[in-house]
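Overview (structure and organization)
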Amino acid sequence: MSPAAAPLEPDPMTLLPPERPVQLLDDEGALHEVDGFPLDLKDSDFRDLYRYMVLARRVDSEAINLQRQGQLGVYASLLGQEAAQVGGAYALAEQDWVFPSYREMGAALVRGVDPGSVLHLFRGTWLSNHDPIATRFGLLSIPIGTQALHATGYAMAAKFDGKDLVVMSYFGDGATSEGDPHEAMNFAAVYDAPVVFFVQNNQYAISVPLSKQTKAPTIAHKAVGYGMPGFRADGNDVLATYAVSRRAIDRARAGQGPSLIEAVTYRMEAHTTADDPTRYRTASELAEWKVRDPIARFETFLEREGLLDDAFRAEIDEEARGYATRMRAEVYDAPHGDPLELFEHVYVEPPERFDEQRALLRAELERRE
Ligand SMILES: Cc1ncc(C[n+]2csc(CCOP(=O)(O)OP(=O)(O)O)c2C)c(N)n1
């Protein structure tokens with residue numbers, strides 16, 4: 001007989017996920033250990049997790065400011081999702097890879113990507129100014145769910161090459177309603193690829209609430225159909241997102257294949273700076289989630305543990321100001337590239353229609369000069 005599953009992990013036989021997400025920090029910031037999800041963190045890790053979350057929030061608000069100043073065309077905020085992003089990325093090893101969507105500034109910070117560099121995508125100057133190979137952090141992906149395929153492909157190749165690495169793909173609840181993540185998860189399961197699909201269930205796909213985009217009881221249930229475990233984590237509890245990710249990453253590294261993590265969270269800001277969320281969600285819903293703020297909850301924990309003092313806060317503040325300065329320096333009036341570059345780097349041997357389209361665009365640009 002298989003041992004009884006801990007109540008908060010998927011059933012080993014049916015793979016069915018638990019209803020209640022894993023939570024290590026309660027709403028008052030008190031730590032409760034959960035069977036099957038041990039914490040292997042030191043005090044310095046706790047402080048680091050806090051530092052990354054605060055920096056992510058500060059960098060995020062600076063990006064919103066830059067958009068409001070007209071320096072960025074659009075920006076997708078992570079406000080409220082700091083714990084989901086930071087906890088997951090923090091559980092990765094140095095050699096592991098991340099394939100992000102467009103909302104992963106927090107995960108980017110943890111991986112050592114300079115936030116200013118990725119803003120080029122939102123300014124439309126270039127795809128990014130970071131080196132994906134050096135940082136093992138893929139380019140931000142605007143087409144929904146495509147990065148899940150990149151993640152599976154990369155993980156399958158790494159396995160074929162006998163490399164010790166795990167790949168994490170971040171995407172949203174809405175992405176699970178599209179074809180690419182479906183194919184990515186199925187292939188990953190069939191090939192036992194070392195990949196973790198980290199779904200930030202922030203309750204909305206732009207204006208479409210979760211209840212209107214899936215009939216599945218939870219996002220984690222979708223894993224059952226692929227034959228992989230689906231874990232659920234309180235996405236506003238950084239210790240839960242870390243511990244659940246640790247478990248899924250260790251599994252993948254040990255050759256046991258992929259898993260899906262559903263981090264239950266909430267997007268506190270608009271979908272992007274081009275969106276008006278008051279048209280589709282209520283002030284009371286927002287207020288309900290505000291009290292579950294991931295940073296405030298972790299702060300209470302750190303204070304209880306005596307790990308937070310003014311000197312540390314000042315240090316983070318200084319670091320955040322440094323980031324903001326560099327972000328402004330990087331994107332302020334950064335020149336736009338040549339639109340004709342659209343046609344570069346796509347095909348080794350471009351099809352004929354590319355030549356026609358390039359000529360059309362060139363003529364259009366000349367007419368506007
Ligand atoms: C292939 C594709 N289809 C549609 C869109 C338009 N679109 C942009 S964001 C979005 C919703 C995504 O929601 P979700 O996956 O939950 O991620 P979130 O934005 O909430 O982080 C859609 C449909 C797109 N970018 N790419």
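Attention here is on the structure that accompanies the text. (Residues numbered from 1 in each chain as written. Predicted model: local features only at pLDDT ≥ 70, side-chain atom pairs only at ≥ 80, totals over all residues. Heavy atoms only, no water.)

Let's shift gears to the environment of Thr-146. Mapped onto the fold, Thr-146 is located in helix α6 (residues 146-160). When the C-alpha positions of Thr-146 and Ala-184 are compared, they lie 8.8 Å apart, and in sequence the two are 38 residues distant. Here Thr-146 is in contact with Ser-141 and Asp-180, once residues within four sequence places are set aside. Among the polar contacts listed, one links the side chain of Thr-146 to the side chain of Ser-141, at a separation of 2.7 Å. (Helix = DSSP H or I, 4+ residues; strand = E, 2+ residues; numbered from the N terminus. Contact = heavy atoms within 4.5 Å. Polar contact = N/O pair within 3.5 Å; in protein donor to acceptor, adjacent residues only side chain to side chain.)

The parallel open sheet is built from five strands, whose spatial order is β1-β2-β3-β7-β6. Strands with a single pairing partner mark the edges of an open sheet, and in this sheet they are β1 (97-99) and β6 (230-234). Neighbour to neighbour, the strand axes of the sheet diverge by 20° on average, direction disregarded. Looking at chain direction, β6 and strand β7 (residues 259-264) are connected through five bridges and run parallel. Bridge pairing links Gly-230 to Leu-260 in β7. The sheet contacts of helix α7 (residues 179-190) involve β2 (167-172), β3 (195-201) and β7, and relative to β3 the element is tilted by about 145°. (Pairing = 2+ DSSP bridges. Axes fitted to C-alpha atoms, helices over the stretch in contact; angles between N-to-C directions.)

A few words on the packing of aromatic side chains. For the coordinates displayed, the defined rule picks out 19 aromatic pairs. Measuring from ring centre to ring centre gives 5.7 Å for Phe-99 and Tyr-154, while their planes differ by 50°; the resulting arrangement is tilted. One end of the pair, Phe-99, is in strand β1; the other, Tyr-154, is in helix α6, and 55 residues separate them in sequence. What makes Tyr-154 partly exposed here is its relative accessible area of 31%. (Phe/Tyr/Trp six-rings, centres within 6.5 Å; stacked < 30°, edge-to-face > 60°. Buried < 20%, exposed > 50% of the residue type's maximum accessible area, 1.4 Å probe, protein only.)

Moving on: the site of the ligand. Tyr-102, Arg-103, Gly-174, Ala-175 and Tyr-204 are the nearest of the 15 residues found near the ligand. Arg-103 places a side-chain nitrogen or oxygen 2.8 Å from an oxygen atom of the ligand. In the model, a nitrogen atom of the ligand is placed 3.1 Å from a nitrogen or oxygen of the Ile-142 main chain. If the ligand stood free it would expose 580 Å²; the protein chains cover 71% of that surface. Considering only residue class, the shell around the ligand consists of eight nonpolar, four polar and three charged. (Near = heavy atom within 4 Å. Areas by Shrake-Rupley, 256 points an atom, 1.4 Å probe, with all protein chains shown as cover. Nonpolar A, V, L, I, M, F, W, Y, C, P; charged D, E, K, R; others polar.)

As a further point, take unusual backbone geometry. With phi around 50°, Ile-206 is a residue other than glycine that occupies positive phi space. You can call Ile-206 partly exposed: its relative accessible area is 43%. Even without glycine at this site, His-345 takes up a positive phi of about 60°. Inspection of the secondary structure puts His-345 in the loop between α12 (310-331) and α13 (352-368). Judged by relative accessible area, His-345 falls into the exposed class, the value being 68%.

Time to look at α6. End to end, α6 covers 22 Å across 15 residues, agreeing with the expected 21 Å (1.5 Å per residue, within 8%). Among the residues making up α6, those that are buried are Thr-146, Gln-147, Ala-148, Ala-151, Thr-152, Ala-155, Met-156 and Ala-158. With its phi angle positive at about 70°, Gly-162 sits one or two positions after the end of α6. (Expected span 1.5 Å × (residues − 1).)

Now for the packing of helix α1 (residues 43-68) against helix α11 (residues 294-305). How two helices sit against one another is set out by the angle between their axes and by the gap between those axes. At a closest axis distance of 11 Å, the pairing of α1 and α11 adopts a crossing angle of 150°. Taken together, the axes of α1 and α11 lie roughly antiparallel to each other. Both α1 and α11 take part in a crossing whose hand is left-handed. For the pair formed by α1 and α11, the contact residues are Phe-46, Leu-49, Tyr-50, Met-53, Val-54 and Arg-57 on the first element and Pro-294, Ile-295, Phe-298, Glu-299, Phe-301 and Leu-302 on the second. (Parallel < 35°, antiparallel > 145°, perpendicular 65-115°, else oblique. Left-handed = near helix turned anticlockwise from the far one by under 90°.)

Moving on, we get to the nonpolar core. Grouped burial of nonpolar side chains is what soluble globular proteins tend to show. The biggest cluster of nonpolar side chains holds 74 residues, and the ones touching the most others in it are Phe-46, Tyr-50, Leu-119, Leu-239 and Phe-298. Looking at this core element by element, the count peaks at 12 residues for α1. Residues contacting Tyr-50, with those up to four places away along its chain left out, are Ile-295, Phe-298, Glu-299, Leu-302, Leu-308, Phe-312, Arg-313 and Ile-316. Listed in part, the 24 residues of the second largest apolar core include Phe-99, Ala-158, Ala-175 and Val-195. (Core = buried A, V, L, I, M, F, W, Y, C linked by side-chain atoms within 4.5 Å.)

This part covers a nonpolar patch on the surface. Side chains of Phe-160, Phe-187, Val-190 and Tyr-191 sit close together on the surface and give an oily, nonpolar patch of about 450 Å² of accessible area. For Phe-187, the position within the fold is in helix α7. (Patch = residues over 30% accessible without salt bridge, like charges linked within 9 Å, V, L, I, M, F, W, Y side chains within 5 Å. Salt bridge = Lys/Arg side-chain N within 4 Å of Asp/Glu carboxyl O.)

A word on the packing of helix α4 (residues 115-123) against α12. Running from N to C, α4 and α12 cross one another at 40°; their axes reach a closest spacing of 8 Å. Looking at the two axes, α4 sits oblique to α12. Seen from above, α4 lies across α12 with right-handed handedness. Here α4 contributes Pro-115, Gly-116, Ser-117, Leu-119, His-120 and Arg-123 to the contact with α12, which in turn contributes Tyr-323, Met-327, Glu-330 and Val-331. Counted by class, the contact of α4 with α12 contains five nonpolar, three polar and two charged residues.

Among the six residues of β7, six are classified as buried, and the element is accordingly described as predominantly covered. With burial as the criterion, each face of β7 is covered, one bearing Ser-259, Ile-261 and Ala-263 and the other bearing Leu-260, Glu-262 and Val-264. Bridge count between β3 and β7: six bridges; the pairing is parallel. Directly across from Gln-200, in β7, lies its bridge partner Ala-263.

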